[in-house]
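Examining the three-dimensional arrangement
This is what each chain is made of:
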Amino acid sequence: METDLCLESSLWVGNKRHRAVLTGWHFKWTEVDKKNRDKKTVSVPVSEVVGVEEGRVEILPRKSAEDTDKDFTVFYVKRSSSGGSYGLLWRLGRIQFSCPSRALRDQWTKQLRTALKTHSPLRPHKLLVFINPFGGKGKGRQIYHSLVAPLFELAGISCHVIVTERANQARDHLLKKDLAGFDGVVCVGGDGMFSELLHGLIGRTQQEAGLCENDPAVTLQPCPLHIGIIPAGSTDCVCYATVGVVDPVTSALHIIIGDSQPLDVCSVHHASALVRYSVSMVGYGFYGDVLAESEKHRWMGPLRYDYSGTVVYLSNRSYAGIVEYLPADPLFSSPRDKTRCLSGCSVCSRSTERLFPQSSESGSLYSSHFSQLSADSEGEWVSVEGRFRCVSLTCMSSSCARSPLGLSPSAHLADGTGDLILVWDTHPLAFLKFLHRHTSTQDQFDLPFVEVHRVKAVRFSLPKNRDEEGQEEARGASVGTDEEERGYVDAIGRVDSQQHLADGTAGRDQTGKQKTAAPFLCGLCCRKPPSESVWNCDGEILPFTEILCRIHGQLVRLYARGIEDGAAIDSCSQEIDESTARCSRY
């Protein structure tokens, strides 16, 4: 049987003799001294062998090959610490063996390649690659051709490469072009490029299934193609949260070995129409204001986020709103349970078993849950109303280099839920404490003005008559301002614009009486704050304030495996498979 495949012989690495053993699942080699005593052993899972080449071969930084009759080279995944990151860096390990004969060399290369096919069935053979040449520092093409393409070639992966020339080109291609024959799609860029692939693949899948994405109650079909991310953008939050590091070589190796990480997706709707999909964060208040402010200062580059964050914090804004949410079952997990979603996460694994039962029933995991969105289960929704510094919903930890634990450290990638974070209006210094805790290991939820709930759906609306007040306040604030400020206020007030136009005239005379609080004038900007914020959806501003968010469990799959636990990997690497039964000895 192929699964019982085993081969053992003496091989040489340089002038040192090694005993090499190939079992069904592992390839290991042990240095043997002159007295035939074992010394250091290296064990590599067959699934993490990248490629096998005859002769003496180098791949990175430049490819070189020397064809020799008795040598072969094995390339494999080699882990190392990532320094400040929580994940592990993957590097291309290389070991060159010399055999006593060419026949033995051929036997080893054949058996290793057979083992790869047997134990790595999910490895991609053909990929569709989109490169964003403008993202980040504009090095997408260089990163792909110098670091990624040689690895794909070594692994025998053929690629069709498209260098995008405009926004949404990748999304449109996935929606309209023939994707037959591709095992997955890869983006070389940042979170914006990933979002294009996400929207394109989900939209294409629903089109082919005959489903309407605009219906917030519809059960979406999971996407059949995997998504790979080669980080090359100014923000790479999704890559960081699913791999643990932002490194092109690490991500390329995850793609090559066919890792598969399911990912929850949040659909955002307004008035029964789909607005956008999100996998990272949907944020209102502080995070929305920071994004809106940063759009005015794009010339500053990534520094604009620091500057805008400072400006918005000094503005000391809070917003009135009504938040309704559908709680998830607390028996499965909690946002305060101090667990982290790591590779092989038991919470996500149990969710897969629970939400994808072995049946012929098609659909995503919410086939059994989202009848709860219908009117007959309205009683299960929880509603809170008040003034908030920020309202955030995240389907993952949303960790990044600056916030290693993220917005919600115990959030899970694939449990079919999201974490709703409510930060009530509070003193500016208390809010600063909340923000600062994101950069440390302190619990940002252990504050009296902060709530976090694990949810399956969220609705946000403005309190009664806030629509009319917001429009009038926006008009008043625009008087006497410069053109740039007027454009900003108009953008803030453009929420359900048709209703505003209809109600604006009737409410104009009453607005002065309805206002009860004196406006806060920012000492830095001397600007009257808007009564409404905007939603930040994975780095894009949404045009609506009142939205419905629904979590779709495991809707897409990435070429990733989650953040690896370094301690567990070190322990596992020490285990040596002693089984040599049914081996052929040479």
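Residues numbered from 1 in each chain as written. Predicted model: local features only at pLDDT ≥ 70, side-chain atom pairs only at ≥ 80, totals over all residues. Heavy atoms only, no water.

**A short note on the side chain of Ser-280**
Topologically, Ser-280 is positioned in the loop between strand E15 (273–278) and strand E16 (281–285). When neighbours within four sequence positions are excluded, Ser-280 is seen to be in contact with Cys-237, Leu-393, Thr-394, Cys-395, Met-396, Ser-398 and Asp-538. (Helix = DSSP H or I, 4+ residues; strand = E, 2+ residues; numbered from the N terminus. Contact = heavy atoms within 4.5 Å.)

**Some thoughts on the packing of helix H7 (residues 286–294) against helix H8 (residues 303–315)**
At a minimum axis separation of 8 Å, H7 and H8 run at an interaxial angle of 125 degrees. On the basis of their axis angle, the class for H7 and H8 is oblique. H7 and H8 meet at a crossing whose hand is right-handed. Contact with H7, carried on its side by Phe-286, Asp-289, Val-290, Glu-293 and Ser-294, involves Arg-304, Tyr-305, Ser-308, Gly-309, Val-311, Val-312 and Tyr-313 of H8 and no other residues of that element. Across the contact of H7 with H8, the residue classes break down as six nonpolar, three polar and three charged. (Axes fitted to C-alpha atoms, helices over the stretch in contact; angles between N-to-C directions. Parallel < 35°, antiparallel > 145°, perpendicular 65-115°, else oblique. Left-handed = near helix turned anticlockwise from the far one by under 90°. Nonpolar A, V, L, I, M, F, W, Y, C, P; charged D, E, K, R; others polar.)

**Examining unusual backbone geometry**
In this model, Ser-272 sits at a positive phi of 60 degrees, which is unusual for a non-glycine residue. Among the structural elements, Ser-272 can be located in the loop between strand E14 (261–270) and E15. Judged by relative accessible area, which is 56%, Ser-272 ranks as exposed. A positive phi is found at Lys-338, a non-glycine position, where the angle reads about 65 degrees. Mapping Lys-338 onto the fold places it in the loop between strand E17 (319–327) and helix H9 (346–355). On the basis of relative accessibility, which here comes to 62%, the residue Lys-338 falls in the exposed class. (Buried < 20%, exposed > 50% of the residue type's maximum accessible area, 1.4 Å probe, protein only.)

**Some words on helix H2 (residues 140–154)**
Helix length check: H2 (15 residues) gives 20 Å between terminal C-alpha atoms against 21 Å at 1.5 Å per residue, within 8%. The complete set of buried residues in H2 reads Gly-140, Ile-143, Tyr-144, Val-148, Pro-150, Leu-151, Phe-152 and Leu-154. Trailing H2 by a residue or two, Gly-156 shows a phi angle of about 75 degrees, which is positive. (Expected span 1.5 Å × (residues − 1).)

**Side note on the side chain of Thr-30**
Following the sequence through the fold, Thr-30 ends up in strand E3 (residues 26–32). Look past the residues within four positions of Thr-30 in its chain and what remains in contact with it is Arg-17, His-18, Arg-19, Asp-38, Lys-39, Lys-40 and Thr-41.

**Things to note about the pairing of strand E13 (residues 226–231)**
Burial analysis of E13 places six of its six residues in the buried class, which makes it a mostly covered element. Every second residue of E13 is oriented toward a common face, with His-226, Gly-228 and Ile-230 on one face and Ile-227, Ile-229 and Pro-231 on the other, all of them buried. As defined by bridge partners, strand E12 (residues 184–189) adjoins E13 across six bridges and the pair is classed as parallel. In the strand pairing of E13, Val-186 is matched with Gly-228. Taken together, E12, helix H4 (residues 191–209) and E13 form a β-α-β motif whose crossover is right-handed. (Pairing = 2+ DSSP bridges. Right-handed = clockwise from strand over helix to strand, strands pointing away.)

**Overview of the nonpolar core**
It is characteristic of soluble globular proteins that their nonpolar side chains tend to be buried jointly. One finds Phe-194 and Ile-202 to be the most contacted residues of the largest nonpolar core, which totals 42 residues. Ranked by residue count, the leading element in this core is H4, at six residues. Not counting residues within four places of it along the chain, the set of residues in contact with Phe-194 comprises Cys-187, Ile-227, Ile-229, Val-238, Leu-263, Val-279 and Leu-558. (Core = buried A, V, L, I, M, F, W, Y, C linked by side-chain atoms within 4.5 Å.)

**Re the confidence of the model for the chain**
Taken as a whole, the chain shows an average pLDDT of 83; of its residues, 80% reach a score of 70 or greater. Under a pLDDT of 50 for its full length, residues 473–523 has, in the predicted model, 53 contacts with residues more than four places off or in other chains. (pLDDT = per-residue confidence, 0-100.)

**Observations concerning the pattern of salt bridges**
For the structure shown, the criterion picks out 28 salt bridges. Here Asp-69 ties to Arg-102 by a salt bridge, and the two come within 3.3 Å at their closest N and O atoms. Here Asp-69, found in the loop between strand E7 (64–66) and strand E8 (71–81), pairs with Arg-102, found in helix H1 (residues 102–119); they are 33 residues apart in sequence, far enough to count as distant. Exposure remark for Asp-69: the relative accessible area of 45% places this residue in the partly exposed category. For Arg-102, a relative accessible area of 46% gives the class partly exposed. Each of Glu-48, Arg-79, Asp-259, Arg-561 and Glu-564 takes part in one network of salt bridges that share partners. (Salt bridge = Lys/Arg side-chain N within 4 Å of Asp/Glu carboxyl O.)

**Thoughts on the environment of Ser-533**
Its place among the elements puts Ser-533 in the loop between helix H14 (511–514) and strand E21 (535–537). Sequence separation of Ser-533 and Arg-317 is 216 residues, and the distance between their C-alpha atoms is 9.2 Å. The residues touching Ser-533, leaving out its near neighbours within four places in the chain, are Tyr-284, Gly-285, Gly-288, Asp-289, Tyr-319 and Thr-545.

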